[in-house]
Amino acid sequence: MTADGPTPAGGAPAPSAGRRPGSAARERGSSGFGRYLFKHVSGAAVSLLLVLFSSFFIFRLIAGDPIDQLTKERPVSPEERAALRAELGLDRPMWQQFWDYITGTLTMDLGDSFQYRRPIFDLIVERLPATILLSGTGMVLAVLLGFWIGTRSGWKQGSRFDRGHVATGLLLYSAPTFWLGMIVILVFARYLGLFPVNGMRSPSTPPEFWPQALDIAHHLVLPVLTYTAVVYAGYLMIMRSSILDEIGNDYLTTARAKGLRDDQVRDRHAVPNALLPTVTLVFLAIGGVVNGSIVTETVFSWPGLGSLFVQAIFYPDRPVLQALFVLFSASTILAVLAAEVLYWFIDPRIRKS
Amino acid sequence: MTLLEFRDVHVTYTGSRGRIPAVRGVDLKVEAGTTVGIAGESGCGKSTLAMAVLRLLPKSAEVRGEILLDGEDLLRMGWGRLRAVRWTGASIVFQGAMHSLNAVQRIGRQVAEPMLVHDKDLSPAAAAKRAEGLLERVGLPPSRTRSYPHELSGGQRQRVMIAMALACDPDLIIADEATTALDVMVQAQVLQLISGLVSERGVGMVMISHDLSVLSAVCDTAAVMYAGRIVEQGPAHEVFAQARHPYSAALGAAFPVIGDPAARLRPGGLAGDPPDPARLPEGCSFRPRCAVSVERCGEESPELLRIEGARSSACFVAQEGEPVVIG
Amino acid sequence: MTASPTPPPPLAASPRRARRQLARSRRRQSFLRSWAAYRAQRTGMIGLVLLGVIVVLALAAPVLVDESALSVTQATGGRMEPPSAAFPLGTDEVGRSILALTLWGSRLSLLIGLTATVVAIVIGTTVGVTSGHVGGWYGWFALRISDWFMVLPSLVVAIALLAVLGRSMGTTIAVIALVSWSGTTRLVRAQTLTVQSRPYLERARALGAGHWHQMTKHILPNVLPLVLASATLLVPSAILMESSLAWLGLGDPNVVSWGSILNRASDNGAVSAHAWWYLLPPGLAILIVVLAFMMCGRALEAVFNPRLRGEPS
C-alpha cells in the first residue's frame, strides 16, 4: 500500500518571489502541455510495443507449434499438416510471421478462434458490453464507496468508525474473490433463492426491452456485490492515507478559522487536495480491476471477456488467449495514460514544472 | 473600548512527554483602533496565544482562563456561536501564506468563501465581486482572482491572506508573523498596507513577530513574551528604545542598527536557548541566560508589575529601578 | 548515529574486530527498538500469533494426519458427507476428509507464497539497488521494465504464461514471482536514491569505496527494513494469486493446495449440492493467513515508515 503518488499539497516548491506576474500564465501555454503529452504518449507507445513483442514471444516462441494442439483429436497426414501450416502462415520465416502479427493486430485482424471457428474480433465485440457492464458498475460502486468511507475514516483517524471500517475492509480484501463469489452464490442464490445462480439472462424472459433490462439487472446484483466487496477496500486505504497526508496542513486551519463547519473543511478543502494524488493510483489499480473481472466472470459464468479468456485456457484456444492478453494489457496501459493526461487538467500545480 | 482581553490565559499541551505548559498566565488588552505587538523568540508561546483566540489549537491543547472578545468569553462559547464569531469577530493573517492557502483552489474563491459562509443571503456572484474589490484594495489586479496560489509571488500571496482576513469586516485582525517570510522591500509594502487598514477602518490589531523593528514601526503598545509569559509591556517605542527587562534588551540588541558603528561591536544576541517548557528552571525562567540576575531570581518567579507610567516589567532588578543592561 | 553507549571491549584483538563489534551492537539496538515499536501495535501482535499457529499447524500436518488421507483410492468416507464425528469437517466428492485436505493444503499454499515472495524480493531488490546506484541507460531501462510490469494485469500475465509453460509447482512460483517483483523495485530504487544523496555515502566514495562496497555495506542495510515490510505484504498477495490460479485449474495437478481444493469443489458441484463444509474451510484458511500477513505487514510498515504511524496531532 505504498503510495508512489505525486507530491501532496504543500510539497511543491515555492516559486521565487521575484517572478514577474504573468510569467506563470505563459508557462502554461500549449508547448508545456505538448511536451507533457508527448512524453507520456511515447512512453505508452513503447509499453504497447513491448506487449506485442512479449505476446508473440510467449505464444509463438515459448508455446511452439500450435498444429499439434489444433489437430489433437484426429489423426492427420503430413500433407494435411503442411496444408494447415500454410493456411495459418506458419511455414514462413519467423520475422515475417512477426511482421504479419504486428500489422494484423494493429488493423484489428486478430485471426480466428480455434474453439469457435470465428474471427476473434467479432467474439470480442460480442462480449465486451457484458464485461463493461459488470466491471464498470462494480468499479464505480467500489470507488464511490471506498472514497466515501476512506475520507471519513482518515479524517477521524483512530475513531470507532475508522477502526471498524479498516477492519472490515481488510477482511474483505483478504478474501479470495472466487471463494467470496461461491459463498455469495451459496447463500443468496442457493439457500435464499433471491437471485439467479449464474449467467446474464434467463431464456424465459420476454424479448421486450424492459423485461430484458430488469432480468440483466437481476443477474448483475451478485457479481457486482462480490466484485465491489473485494475491490473497494483498496480504494478505501488509498483515500484514507491520502487524507491522513492532508490533516495538519495549514490551509485546513485557515478554513477552520474562516468559520467553516468540520464537514465543510473536510469536503471543500481536504478532499480536493487529497483526491489529486489518488487519481493516478486509482488508474494504476486498473490492473486489479481486470484481475477481479476475470475471476468474477468465471465464478458467475458471466458471458464477458474474462470468462472467454479462462475458457480459452483449457481448449486451448491460443489465438484467443493471445488476443485477450494484448487487449487486457493494452487497456491498462491506456488507462494509465488517460490518468496522466487527466492529471494535467485537474492539478494546477503540475503545469508549472 | 476594550476589544480583546486575555485574562490569566494558560495553554497546556498534553503529549508523549507529559504536560507541557506553552502559555502560563497571560493578561493582555487590545483596544479598538490600536495595534498591539507581541514579540519573542520562536517557541515562547506567542503563536499559541494567537491560535487560542479562535480556538484553533489541536485537541491536545488545554486552554484555561478567559479570552473576551467584545466582552464575550470565547472559551465558553458553543460551537455554533464560535463558528459565527470566527472571521467576523476576529480574523487571522497566517504565517507562511504558501501553506495557508489551498493550493488547488483559485484565490478569488478562497477570499469569497468566508463571506458566503457567514452571509447566507449573499449570492456567489456578489461575493466574487467583493473579493475582487478586496484584492484590488491590497494591490492585486482583478485578473489575479483566477490564479492559483503557486502562480503568485510570496508577497502577492501574503497580500491575498490580508485581503482574505478583511473579507468579513472583522473587528479584530491577528497577524501572525505575517511578514516574516518576505523580503525587506515587500515587507515594507505589506506593513504599510496593514497600518493603513487599521487606521482607516478602526479595527483592533494584534501583531505577532520576532522582529522588533517590524513591531516598533507598526504598533502602539508592545508585549514581550518569554517562556509562555509576558515579561515586559508598554508603549512600543519606549519598550524598544529603553528596555525594562534584560530579555527585551537582548532581543532589541540582536537587531543591528544600520549606520551605527558601535552596533557592530556590541555583543549582539543572547547566549543559550530558551528553556525547555517541559522543564522550566526554578524562579525566574530567564535567569540562566540573564546577565544581571540577583539571588532572589533563583527563588521566586517575578510577577509582571507596573513600574512607571504605562510600563510594566517582570524583572526584580527593573522593579527596583536598576538598569537591566550592563554598560 | 554516533551515540552508542556501549564502548568496544578493551580486549578487542584488532581495531577491525572492534569496529565490527560496535556495528553489531548498534544493529542489535536498532533491532530492539524496532521490536519495541512493533510490540506496541496490537493488530501486528495478533497477526504474528496467528501466523505462528498456522505455521506450526502446517509443519505438524504429517504428524497430525497421515498422508494416506489425501489418497483418492484409500478414501474412507462417502461422497460429500456433511460434518460428523468421523469427519469433523465433512468429506469431498471421493470421500476424503476436508479437515485433512485443508491441513495439508496449508503446506503448499504457504510454501508457494513464501518462495515466490523470496524470489520476487531478491529480483526486486537487486534491480532496485543496481538501477538506483548505477543509473544511466541501465537504470532508465530497468525503471521502464518494472513500470511496465507494474501496470500489466498480473493475473492475465500469469494465466498466459502458465497456459504455455505447463502446470507445475515450479512454474507457478516463477510466474507469481515474475508478476510481483516490480513494486519492490520501485520502493527500493526510491530508497536507494535517498540514501545515495546522504553525506556519509559521499564520504565513502571520497575514501575510494567501490560500487560493490557502497551497495552492500551502505545502501542495502538502509533499504532492508523497508524491503522486509513490503515482503510481508507481498506474501498475502502471492498466496491469493496462487489460490486464484489453482482455482482456475492452473495449479500443479499432483499436489493439494487450498486453491486446488476449491477448484475440485466447483468442478464437482459443491455449490449446487449446498456442501458448505467443502467451501468454508479452505476459503477461511486463505482468508485467515492473508489477513495475518496483512496485519503483520501493516504493523511493520508503521514501524519503518513513521509517517504512517499516525500520531494524532
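Looking up chain C in an unreviewed UniProt entry gives the name Peptide/nickel transport system permease protein, with the organism given as Glycomyces sambucus. Looking at chain C in UniProt, the text filed under Sequence similarities (unreviewed entry) is "Belongs to the binding-protein-dependent transport system permease family."

Recorded under Sequence similarities (unreviewed entry), the UniProt text for chain B is reproduced unchanged: "Belongs to the ABC transporter superfamily." Turning to chain B, the UniProt annotation filed under Subcellular location (unreviewed entry) states: "Cell membrane".

(A) Structural context of the overall build of chain B. Along the backbone of chain B there are 12 helices and 12 strands. Against the compact-globule benchmark of 20 Å for 327 residues, chain B has a radius of gyration of 21 Å, which places it among compact chains. Buried residues in chain B amount to 53% of all 327 residues. Just so you have it, chain B exposes about 14,300 Å², and 52% of that area is on carbon and sulfur atoms.

(B) Region of the structure containing the interface of chain B and chain A. In this complex, chain B contributes 30 residues to the contact, which on the side of chain A involves 27 residues. Of the roughly 2,600 Å² buried between chain B and chain A, counting both surfaces, carbon and sulfur atoms make up 59%. Across the chain B-chain A interface, the total number found is 2 salt bridges. Residue assignment for the side of chain B that touches chain A shows that the elements contributing at least two residues are α3 (97-100), α4 (107-118) and α6 (154-165) of chain B.

(C) Representation of the side chain of A:Ser135. Residues and elements named next belong to chain A. Examined against the element boundaries, Ser135 turns out to sit in helix α6 (residues 120-155). Look at Ser135 and you get buried, because its relative accessible area is 9%. In terms of polar contacts, Ser135 uses its side chain to reach the backbone carbonyl oxygen of Thr131, at 2.6 Å. When sequence neighbours within four positions are dropped, the list of residues in contact with Ser135 reads Tyr227, Val289 and Ser293.

(D) Geometry of the pairing of strand β4 (residues 61-69) of chain B. Here strand β1 (residues 2-15) of chain B runs beside β4(B); their pairing, made up of 8 bridges, is antiparallel. In the sheet register, B:Phe6 faces β4(B), and the bridge partner there is B:Ile67.

Calculation criteria
Residues numbered from 1 in each chain as written. Chains lettered and ligands numbered in written order. Predicted model: local features only at pLDDT ≥ 70, side-chain atom pairs only at ≥ 80, totals over all residues. Heavy atoms only, no water. UniProt positions renumbered as here; feature names shortened; annotations may be inferred. Helix = DSSP H or I, 4+ residues; strand = E, 2+ residues; numbered from the N terminus. Rg over C-alpha atoms; globule rule 2.2 N^0.38 Å. Buried < 20%, exposed > 50% of the residue type's maximum accessible area, 1.4 Å probe, protein only. Areas by Shrake-Rupley, 256 points an atom, 1.4 Å probe, with all protein chains shown as cover. Contact = heavy atoms within 4.5 Å. Buried area = accessible area lost by both parts, 1.4 Å probe. Salt bridge = Lys/Arg side-chain N within 4 Å of Asp/Glu carboxyl O. Polar contact = N/O pair within 3.5 Å; in protein donor to acceptor, adjacent residues only side chain to side chain. Pairing = 2+ DSSP bridges.

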